[in-house]
Amino acid sequence: MTRVRVTAPRTFTPGSGALPDARSAADSRDAAEESDAGQVFVRSLIRSQLRLAVVVAAGFLLILVAFPLMLGLVPGLAESTIVGLPFDWVLLGAGIYPVIGLSAWLYIRTAARNEARYRDLVGDK
């Protein structure tokens, strides 16, 4: 039985501000599978990506839990209004959604940096 790997070509990611790297992901994976050092690099990449995901998720959840606690701990804050809108609605609209966007942006940026470091390590072999 022959093992066949099907991969898509690297494409340009809009908004990344950089042209696609000439090295393909398949080349990186092949190099990593060939040696023990390559397998160490792959495990390191997986650990760093997992650590990043846990840190971003924990930070986001901490902020998400802090908003309702703030409403409950500060007396009169839940009943206050801003421009005729209840404060908790303003807090959700102007507080939570930007946090979601910032968390996503930081995650994508750091994950791409982790992968670029991995490609640099594999390329230097």
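What comes next concerns the included structure.

Cut-off values and rules
- Residues numbered from 1 in each chain as written.
- Predicted model: local features only at pLDDT ≥ 70, side-chain atom pairs only at ≥ 80, totals over all residues.
- Heavy atoms only, no water.
- Helix = DSSP H or I, 4+ residues; strand = E, 2+ residues; numbered from the N terminus.
- Buried < 20%, exposed > 50% of the residue type's maximum accessible area, 1.4 Å probe, protein only.
- Contact = heavy atoms within 4.5 Å.
- Areas by Shrake-Rupley, 256 points an atom, 1.4 Å probe, with all protein chains shown as cover.
- Expected span 1.5 Å × (residues − 1).
- Axes fitted to C-alpha atoms, helices over the stretch in contact; angles between N-to-C directions.
- Parallel < 35°, antiparallel > 145°, perpendicular 65-115°, else oblique.
- Nonpolar A, V, L, I, M, F, W, Y, C, P; charged D, E, K, R; others polar.
- Core = buried A, V, L, I, M, F, W, Y, C linked by side-chain atoms within 4.5 Å.
- Patch = residues over 30% accessible without salt bridge, like charges linked within 9 Å, V, L, I, M, F, W, Y side chains within 5 Å.
- Salt bridge = Lys/Arg side-chain N within 4 Å of Asp/Glu carboxyl O.

Structural notes on the overall build of the chain
On a plain count of helices and strands, the chain comes out with 3 helices and 2 strands. For the chain, the N- to C-terminal ordering of α and β elements is α-α-β-β-α. Looking at the 125 residues of the chain, the share that counts as buried comes to 18%. Sequence-distant contacts in the chain: of pairs separated by 6 or more residues, those separated by 24 or more amount to 60%. Put simply, the chain shows about 9,400 Å² of open surface, and 67% of that area lies on carbon and sulfur atoms.

Section: helix α2 (residues 36–73)
Here α2 is 38 residues long and its end C-alpha atoms lie 54 Å apart, about the 56 Å a rise of 1.5 Å per residue gives. Of the residues making up α2, those classed as buried are Gly38, Leu45, Ser48, Gln49, Leu52, Phe67 and Leu71.

Description of the packing of α2 against helix α3 (residues 87–123)
α3 packs onto α2 with a crossing angle of 170 degrees between their chain directions and a minimal axis gap of 10 Å. Relative to α3, the element α2 lies roughly antiparallel. When the residues that make up the contact of α2 with α3 are grouped by side-chain class, the tally is 22 nonpolar, 6 polar and 2 charged.

A word on the nonpolar core
Burial of nonpolar side chains together is a common tendency in soluble globular proteins. By size, the foremost hydrophobic cluster in this structure holds 6 residues: Phe67, Leu71, Leu77, Phe87, Leu91 and Ile96. A total of 3 residues in this core trace back to one element, the largest contributor, which is α3.

A few points about the environment of Val122
Relative to the assigned elements, Val122 resides in helix α3. The spatial distance from the C-alpha of Val122 to the C-alpha of Phe41 is 7.5 Å, given a sequence separation of 81 residues.

Here we look at α3
Under the 1.5 Å per step criterion, the end-to-end length of α3 is 53 Å for 37 residues, consistent within 8% with the ideal 54 Å. The set of residues buried in α3 consists of Phe87, Leu91, Gly95, Ile96, Val99, Ser103, Ala111, Asn114, Tyr118, Arg119 and Val122.

Comments concerning unusual backbone geometry
Of note in this structure, Val83 is not a glycine but carries a positive phi near 55 degrees. Here Val83 lies in the loop between β1 (81–82) and β2 (85–86). Of the residues examined, Val83 reaches a relative accessible area of 82% and is grouped as exposed.

Here's the deal with the environment of Asn114
Among the structural elements, Asn114 can be located in helix α3. For Asn114, a relative accessible area of 13% puts it in the buried group. Remark: the alpha-carbon pair of Asn114 and Ser48, spanning 66 residues in sequence, is separated by 7.2 Å. Among residues more than four places away in sequence, those in contact with Asn114 are Leu45, Ser48, Gln49 and Leu52.

A look at a nonpolar patch on the surface
On the surface, Val65, Leu69, Met70, Leu73 and Val74 cluster together into a nonpolar patch covering about 460 Å² of accessible area. With respect to the helices and strands, the residue Met70 is situated in helix α2. The class for Met70 is partly exposed, based on a relative accessible area of 33%.

Fair warning: the whole summary comes from geometry, so function is off the table for now.
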